[in-house]
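Below, each chain spelled out in residue letters.
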Amino acid sequence: AQSVTQPDIHITVSEGASLELRCNYSYGATPYLFWYVQSPGQGLQLLLKYFSGDTLVQGIKGFEAEFKRSQSSFNLRKPSVHWSDAAEYFCAGPSGNTGKLIFGQGTTLQVKP
Amino acid sequence: EAGVAQSPRYKIIEKRQSVAFWCNPISGHATLYWYQQILGQGPKLLIQFQNNGVVDDSQLPKDRFSAERLKGVDSTLKIQPAKLEDSAVYLCASSPRTWNEQFFGPGTRLTVL
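Remember, it's a predicted structure, so these values are computed and weren't measured experimentally.

Calculation notes
- Residues numbered from 1 in each chain as written.
- Chains lettered and ligands numbered in written order.
- Predicted model: local features only at pLDDT ≥ 70, side-chain atom pairs only at ≥ 80, totals over all residues.
- Heavy atoms only, no water.
- Helix = DSSP H or I, 4+ residues; strand = E, 2+ residues; numbered from the N terminus.
- Rg over C-alpha atoms; globule rule 2.2 N^0.38 Å.
- Buried < 20%, exposed > 50% of the residue type's maximum accessible area, 1.4 Å probe, protein only.
- Contact = heavy atoms within 4.5 Å.
- Areas by Shrake-Rupley, 256 points an atom, 1.4 Å probe, with all protein chains shown as cover.
- Lys, Arg positive; Asp, Glu negative; His and termini not counted.
- Charge placed at Lys NZ, Arg CZ, Asp CG, Glu CD.
- Buried area = accessible area lost by both parts, 1.4 Å probe.
- Salt bridge = Lys/Arg side-chain N within 4 Å of Asp/Glu carboxyl O.
- Polar contact = N/O pair within 3.5 Å; in protein donor to acceptor, adjacent residues only side chain to side chain.
- Pairing = 2+ DSSP bridges.
- Axes fitted to C-alpha atoms, helices over the stretch in contact; angles between N-to-C directions.

**Describing the overall build of chain B**
So, point 1. Each helix and strand counted, chain B has zero helices and eleven strands in total.
So, point 2. N-terminal to C-terminal, the α/β element order of chain B is β-β-β-β-β-β-β-β-β-β-β.
So, point 3. At 13 Å, chain B has a C-alpha radius of gyration in line with the 13 Å of a compact globule built from 113 residues.
So, point 4. Dimensions along the principal axes, computed over C-alpha positions, put chain B at roughly 35 × 25 × 25 Å.
So, point 5. Of all 113 residues assigned to chain B, the portion counted as buried reaches 46%.
So, point 6. Residue pairs at least 24 apart in sequence account for 53% of intrachain contacts in chain B once pairs closer than 6 positions are excluded.
So, point 7. For chain B, the accessible surface area stands at approximately 5500 Å², while carbon and sulfur atoms represent 50% of it.
So, point 8. Distance between charge centres in chain B, computed from 13 positive and 10 negative side chains, equals 4 Å.

The following block contains the structure:
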């Protein structure tokens, strides 16, 4: 069965520090993977996506993620966190053959001043 | 380009009542999704439409939930009768086709008392 796991439920970082959010997936073929961000009371906004090709993908707001097949990971990174990055982050990947997505449980990011 | 529209944004009902949510996807998007997001969890797919046909409704509680997309454009999701455990945010998303990024609406927050 396909699955997406985000091991960290809650992460706190200081403003200006670097950030890495972990995502592990289970999928037989080459997956397509996404990172979404959700601010309180809002829908999900796409940060970046990986379909194929270059394993390091750039997204909006200075985020990037690296697809590592050997580790079944797609971790999200940002070199310097801003207070406005405080939100919930979801990793998502495919399940089955209909193109539907399954989401990880999410990681809540808190940014300390 | 207008985004995915949903209404209402908030709804409070008592258990055993019925409720309906409406979604208008981005123009031209063939695929429409309804997700349920329980507090503290990632979104879970309830039903996926391709134009006006159902692609996946394996996780839709069909004894109480129903959805339709009659003209292949907007969609309604209905719950009848509602239970306490249906309290959640209901997200609608659309994409140009399957196996593509999904664009999310702001969601409807349902509280069942």
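And the narrative resumes.
**Quick word on the interface of chain A and chain B**
So, point 1. Every contact between the two is made by 23 residues of chain A and, on the other side, 23 residues of chain B.
So, point 2. Between chain A and chain B lies a buried interface of about 1700 Å² when both sides are counted; carbon and sulfur atoms form 53% of it.
So, point 3. Sorting the residues of chain A by area buried against chain B places Thr98, Lys100 and Phe103 of chain A first, and these three jointly supply 29% of that buried surface.
So, point 4. Counting the contacts that link chain A with chain B gives two salt bridges.
So, point 5. For lysine 100 of chain A, the salt bridge goes to aspartate 56 of chain B, with nearest N and O atoms at 3.1 Å.
So, point 6. There are five residue pairs in polar contact (both at pLDDT 80 or more) connecting chain A and chain B.
So, point 7. Those elements giving two or more residues to the side of chain A that touches chain B turn out to be β5 (33–38), β6 (44–50), β10 (87–95) and β11 (100–103) of chain A.

**Some words on the pairing of β11 of chain A**
Along a regular strand, successive side chains alternate from one face of the sheet to the other.
Residues and elements named next belong to chain A.
So, point 1. With burial as the criterion, each face of β11 is covered, one bearing Lys100 and Ile102 and the other bearing Leu101 and Phe103.
So, point 2. In this structure, β10 lies alongside β11, joined through four bridges in antiparallel fashion. Bridged to glycine 93 within β11 is isoleucine 102.
So, point 3. Linkage of β10 to β11, two consecutive antiparallel strands, is achieved through a turn of four residues, within which glycine 96 is found at a positive phi near 75 degrees.

**Looking at the pairing of strand β9 (residues 73–78) of chain A**
Residues and elements named next belong to chain A.
So, point 1. Counting buried residues in β9 gives five out of six residues, a clear majority hidden from the surface.
So, point 2. The pairing of strand β8 (residues 64–68) with β9 spans five bridges and is antiparallel. By the bridge assignment, alanine 65 is partnered in β9 with leucine 76.
So, point 3. Between the end of β8 and the start of β9, which pair antiparallel, lie four residues, with serine 72 showing a positive phi angle near 50 degrees.

**Concerning the sheet that holds strand β8 (residues 75–79) of chain B**
All names here are of chain B.
So, point 1. Spatial strand order, β1-β3-β8-β7: four strands in an open sheet with antiparallel pairing. The outermost strands of the open sheet, each flanked by one partner alone, are β1 (5–7) and β7 (65–68). Pairwise comparison of adjacent strand axes, ignoring direction, gives a mean angle of 15 degrees for this sheet.
So, point 2. Here four bridges tie β7 to β8, and the two strands are oriented antiparallel to one another.

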